[in-house]
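Residue-level listing of the chains:
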2 protein chains.
Amino acid sequence: MRDVAVIGVGMQKWGELWEKSLRDIYVEAALLAIDDAGVDHIDSMYVGCMSSGLFTYQEHIGSVLADYLGQRFIPSTRVESACAAGGLAFRLAYIEVASGVSDIVMAGGVEKMTDVSGSEATNALATAADVDWEGVHGATFPGLYAMMAVAHMHRYKTTREQLAMVAVKNHRNGAKNPRAQFRMEIDVEAVINSVKVADPLNILDCSPITDGAAAAVLVPAEMAGKFNKGGVKVIGSGHATDTIALHAREDLTTIRAATEAAKRAYEMAGLKPEQIDLAEVHDCFTIAEIVVNESIGFFEPGQGGPAVEAGATDIGGSIPVNCSGGLKSKGHPVGATGVAQIVELVEQIRGESGPRQVENARVGLAQNMGGSGGSSVVHILEGM
Amino acid sequence: MRDVAVIGVGMQKWGELWEKSLRDIYVEAALLAIDDAGVDHIDSMYVGCMSSGLFTYQEHIGSVLADYLGQRFIPSTRVESACAAGGLAFRLAYIEVASGVSDIVMAGGVEKMTDVSGSEATNALATAADVDWEGVHGATFPGLYAMMAVAHMHRYKTTREQLAMVAVKNHRNGAKNPRAQFRMEIDVEAVINSVKVADPLNILDCSPITDGAAAAVLVPAEMAGKFNKGGVKVIGSGHATDTIALHAREDLTTIRAATEAAKRAYEMAGLKPEQIDLAEVHDCFTIAEIVVNESIGFFEPGQGGPAVEAGATDIGGSIPVNCSGGLKSKGHPVGATGVAQIVELVEQIRGESGPRQVENARVGLAQNMGGSGGSSVVHILEGM
């Protein structure tokens, strides 16, 4: 297998992009990545998208997006793993380059979520949970993550304030990210007093509904030097699944798919969690960031809450997490999120992140997750 | 890259499987493939499915199906390219084994289409066309293929009877396939007198709405001898896209995505069309088989109709096409179709096809197609 590097990344400012269609949004991000890389074509493309069917009544988007990008006839594949679709698109692009099948491959992600109502969007997102066993009882994602929060608070004495501190930190970072959907800073009191969604989670514990796209261009590492900005190497890739039904798991306070995916990525990279300089993790709800940070080995079980409180995950902390603002502040167009994590890592490793730059950022980890942890994809990138 | 072989295949009898869910159907086919191969686990899985969201309101099925197959935690990826999803799942499984990432990979496909009404199913299928430019005008697939048929009949004098002969042949083959949805033989008169759908296509020119799944197990070719039945080698793989909107193409009488995908597969295999012993092609409508046979080089443009009439595509003809019964008689659970084509080729090459066996079947081609030709995947398999 060949070594693989990312040579270009792109995404637009995310938000409620009512004046743009799914194809507009994707092409915008893809062209930014193509410009950043300095390539004049792509050989193949993977697009992560959770549900263009339910959100926009358009399937077959691998073809649509290749055509609208001016790349008619290339192989173009849409992949879906709920909110982990973007990370998975990146993994398949990595495998295609590593295998030798293609040299210049784009990994993209997109979701256009605001063309339907908020309740329709919540219902569409609920198709990432087990419709036969959870959806039928009315379970939606805020409720499922609320159950995980209650279990974690009960077992480990994680506090309501610690949950809120995840949102506070991520908004503090996102306020420094010009492409974030919500750039305002918030405080713990604001989170705790915001409107209740599913006890103990309030609206400011939840990632928003967002339109957006992100893209990355991958090539064999030995070719990377030929392009605009050189390459950032993919040194670890792991993917794992689990039951998508929460009740079918042995333990609500950990996410096994994240643990397994991270284990595979760490093994491939030959690294331990403490050797990671910064991470983007899947904070779809505040509790998710705490549980994931424990599940992928950044902290011992139960120490995720205290770690946030102690500032360990701040920019400048021992392991800065979600310097981009995370899903919480940057926004969460579900199929795009996993690729946007790569965008942030690549820019951080290249030293381009301005006021949110992590010093000496050399090794970054991205953890993307589907549903309540029914799937997870982890990548580790390193400066060349 | 490593050589890759298929060591096991499986599918159930297709039809209106009302007593079974999407996950039941998939697991049934997957276990048949696992038994056929003689493996005790799989390392990774790809599942082709066009729209579990619109047909069953369940996304995230890569995880669901791995779990229900007893393979919790493996990497499992759902891919979509409309009706070419199955062929694409097979291609990605091929790339994963070829790359060295995994050794035992399942390529599966599934669609559960009869849990919604016929008109809802037709609307869901229409999301494989360009919703912004075709769907908005009420175009559905029978209408789009009818336009292709009219153009082909106008330019090449293809006759109404020749279209019907595709259905007659495929039903004759399907009558010999115990897993086909519609096992009755029909004649030209029956096709021409059947109810009109979109002029010139009648109901017996159209593939049906079907529930079903299919699966194949792939391993490195050098490992194939260790399993139950040995291997059938994957010697060609090609994938191409095109505009999904029919009006955006230069020519309605040919399918460029099929041509490009086939060209790539032939080049990889080092073969010409005349060296193929038998083929499964995407006969979603009778006209589709005629156009595809021309587009992938089996016949000159305009000769697809006369070739069917002359019996060239019969079992025993110069290039037997759709010995399984094709989509027309075997059924068309859209995400499963591309994998079922592989099932037929593997069984034919192994000499297991009983009354529909092609003599000396050694090299087989499968052509799978999304929408009206917005994507196509072609594979070439050879006996080892």
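Residues numbered from 1 in each chain as written. Chains lettered and ligands numbered in written order. Predicted model: local features only at pLDDT ≥ 70, side-chain atom pairs only at ≥ 80, totals over all residues. Heavy atoms only, no water.

Asks: What is the right way to read empty space enclosed by the protein from this model?
Replies: Take a probe with the size of a water molecule and roll it over the atoms, and the empty space left behind shows itself. All told, the structure shown has two cavities of 30 Å³ or more when counted by the stated rule. Tyr-46, Leu-92 and Ile-95 of chain A together with Tyr-46, Leu-92 and Ile-95 of chain B together form the lining of the largest cavity. Mapped onto the lining of the largest cavity, the elements with two or more residues apiece are helix 4 (85-99) of chain A together with helix 4 (85-99) of chain B. Its residues placed into classes, the lining of the largest cavity shows six nonpolar, no polar and no charged. As a volume, the second largest cavity reaches approximately 30 Å³. At the level of elements, helix 4, helix 13 (334-349), strand 10 (363-370) and strand 11 (375-383) of chain B are the ones that each hand at least two residues to the lining of the second largest cavity. With three residues, the single largest contributor to the lining of the second largest cavity is helix 13 of chain B. Broken down by class, the residue content of the lining of the second largest cavity amounts to four nonpolar, five polar and no charged. (1 Å grid on protein atoms, 1.4 Å probe; cavity = no way out; pocket = protein on both sides within 12 Å on 5 of 7 lines; lining within 4 Å. Points joined across faces, edges and corners; volume = space filled by probe spheres on them. Helix = DSSP H or I, 4+ residues; strand = E, 2+ residues; numbered from the N terminus. Nonpolar A, V, L, I, M, F, W, Y, C, P; charged D, E, K, R; others polar.)

Asks: Whenever I open this one, the interface of chain A and chain B confuses me. Can you help?
Replies: For interface size, the figure often reported is the accessible area lost on association. Between chain A and chain B, the residue contacts involve 62 residues of the former and 62 residues of the latter. Carbon and sulfur atoms supply 52% of the area that chain A and chain B bury against each other, a total of about 4,900 Å² over both sides. When the buried surface of chain A facing chain B is broken down by residue, Tyr-57, His-60 and Phe-73 of chain A rank first, second and third, together holding 16% of it. Remark: the boundary between chain A and chain B carries ten salt bridges. Between chain A and chain B we count 34 residue pairs in polar contact (both at pLDDT 80 or more) in total. If you list the elements that add at least two residues to the side of chain A that touches chain B, you get helix 2 (52-56), helix 3 (61-68), strand 3 (76-80), helix 4, helix 5 (118-126), strand 8 (232-241) and helix 9 (256-269) of chain A. Of the residues assigned to the side of chain A that touches chain B, the class counts are 26 nonpolar, 20 polar and 16 charged. Of the strand pairs in this sheet, strand 3 of chain A and strand 3 (residues 76-80) of chain B are connected by three bridges, and their pairing is antiparallel. Note that in strand 3 of chain B the partner of Arg-78 of chain A across the bridge is Glu-80 of chain B. (Contact = heavy atoms within 4.5 Å. Buried area = accessible area lost by both parts, 1.4 Å probe. Salt bridge = Lys/Arg side-chain N within 4 Å of Asp/Glu carboxyl O. Polar contact = N/O pair within 3.5 Å; in protein donor to acceptor, adjacent residues only side chain to side chain. Pairing = 2+ DSSP bridges.)

Asks: Sorry if this is basic, but what is going on with the pairing of strand 4 (residues 105-111) of chain A here?
Replies: One face of the sheet, then the other: side chains in a regular strand alternate in exactly this way. Residue and element names in this part refer to chain A. With seven of its seven residues buried, strand 4 lies for the most part within the structure. Here strand 4 shows a buried face lined by Val-105, Ala-107, Gly-109 and Glu-111 and a second buried face lined by Met-106, Gly-108 and Val-110. Pairing geometry for strand 2 (residues 44-48) and strand 4, over five bridges, is parallel. Looking at strand 4, one finds that Gly-48 is bridged to Gly-109. Examined bridge by bridge, strand 4 and strand 7 (residues 212-220) share seven bridges and lie antiparallel to one another. Of the residues in strand 7, the one forming a bridge with Gly-109 is Ala-214. (Buried < 20%, exposed > 50% of the residue type's maximum accessible area, 1.4 Å probe, protein only.)

Asks: Honestly, the domain arrangement of chain A in this entry has me stumped. Any pointers?
Replies: Residue and element names in this part refer to chain A. In terms of domains, chain A is made up of domain 1 (4-117 + 210-232) and domain 2 (128-208 + 235-383). Computed from C-alpha atoms alone, the centre-to-centre distance between domain 1 and domain 2 is 22 Å. Counting residues at the interface gives 41 residues for domain 1, matched by 39 residues for domain 2. Both faces considered, domain 1 and domain 2 share a buried interface measuring about 3,000 Å² in area, 68% of it formed by carbon and sulfur atoms. In terms of surface lost to domain 2, no three residues of domain 1 exceed Trp-14, Cys-83 and Val-232, which account for 24% of the buried area on that side. (Domains from an automatic or database assignment.)

Asks: I'm lost on the nonpolar core in this one. Help?
Replies: Most often, soluble globular proteins have nonpolar side chains that are buried together. Counting residues in hydrophobic clusters, the biggest one holds 119 residues, and the most contacted among them are Tyr-145, Phe-298 and Ile-380 of chain A together with Tyr-145 and Phe-298 of chain B. With seven residues, helix 6 (residues 141-156) of chain A is the single largest residue contributor to this core. Residue contacts for Tyr-145 of chain A: discarding those within four places in its chain leaves Leu-201, Cys-284, Phe-285, Ile-287, Ala-288, Met-369, Gly-371, Ser-372 and Gly-373 of chain A. Counting 78 residues, the second largest nonpolar core, distinct from the first, contains Ala-107 and Leu-278 of chain A together with Tyr-46 and Leu-88 of chain B. (Core = buried A, V, L, I, M, F, W, Y, C linked by side-chain atoms within 4.5 Å.)

Asks: Hey, could you run me through the packing of helix 7 (residues 160-174) of chain B against helix 10 (residues 286-295) of chain B in this one?
Replies: Residues and elements named next belong to chain B. At a minimum axis distance of 8 Å, the contact between helix 7 and helix 10 shows a crossing angle of 95°. Viewed along their axes, helix 7 and helix 10 adopt a mutual orientation that is roughly perpendicular. Across the interface between the two elements, Gln-162, Leu-163, Val-166, Ala-167, Lys-169 and Asn-170 from helix 7 touch Thr-286, Ile-287, Glu-289 and Ile-290 from helix 10. Taken together, the residues that form the contact of helix 7 with helix 10 break down as five nonpolar, three polar and two charged. (Axes fitted to C-alpha atoms, helices over the stretch in contact; angles between N-to-C directions. Parallel < 35°, antiparallel > 145°, perpendicular 65-115°, else oblique.)

Asks: Sorry, what's going on with the pattern of salt bridges here?
Replies: Close approach of charged atoms allows side chains of opposite charge to pair. Residue and element names in this part refer to chain B. Summed over the entire model, instances satisfying the criterion amount to 54 salt bridges over all chains. The closest approach of N and O atoms between Lys-112 and Asp-211, which form a salt bridge, is 3.1 Å. Here Lys-112 is found in the loop between strand 4 (105-111) and helix 5 (118-126), whereas its partner Asp-211 is found in the loop between strand 6 (201-202) and strand 7 (212-220), with 99 residues between them in sequence. Of the residues examined, Asp-211 reaches a relative accessible area of 0% and is grouped as buried. Here Lys-330 ties to Glu-280 by a salt bridge, and the two come within 3.8 Å at their closest N and O atoms. A residue pair is termed long-range when its members are at least 10 positions apart, and Lys-330 in helix 12 (residues 326-330) and Glu-280 in strand 9 (residues 278-280) qualify at 50 residues.

Asks: Help me out: how do you make sense of the side chain of Thr-243 of chain B in this one?
Replies: For Thr-243 of chain B, the location among the structural elements is in the loop between strand 8 (232-241) and helix 9 (256-269). Among the polar contacts listed, one links the side chain of Thr-243 of chain B to the backbone oxygen of Ala-245 of chain B, at a separation of 2.8 Å. Those residues in contact with Thr-243 of chain B that lie beyond four places of it in its chain are Asp-67 and Arg-72 of chain A together with Ala-248, Arg-249 and Gly-374 of chain B.

Asks: Please clarify how the pairing of strand 3 of chain B should be interpreted in this entry.
Replies: Residues and elements named next belong to chain B. The element strand 3 is extensively covered by neighbouring structure, given that five of its five residues are classed as buried. Burial of strand 3 is two-sided: the residues Ser-76, Arg-78 and Glu-80 facing one way and the residues Thr-77 and Val-79 facing the other way are all buried. For strand 2 (residues 44-48) and strand 3, the ladder comprises four bridges, and the chain directions are parallel. Within the sheet, the bridge partner assigned to Tyr-46 lies in strand 3 and is Thr-77.

Asks: Honestly, the relation of the copies chain A and chain B in this entry has me stumped. Any pointers?
Replies: Mapping one chain copy onto the other needs a rotation about an axis and a shift along that axis. When chain A is brought onto chain B, the operation consists of a screw motion whose angular component is 180° and whose axial shift is 0.0 Å, with 0.0 Å RMSD remaining. Such a combination of rotation and displacement between the chain copies is what one expects of a two-fold axis. When the interface residues of chain A are mapped onto chain B, 100% of them are again interface residues, pointing to one common binding face. (Least-squares fit on C-alpha atoms with pLDDT ≥ 70 in both.)

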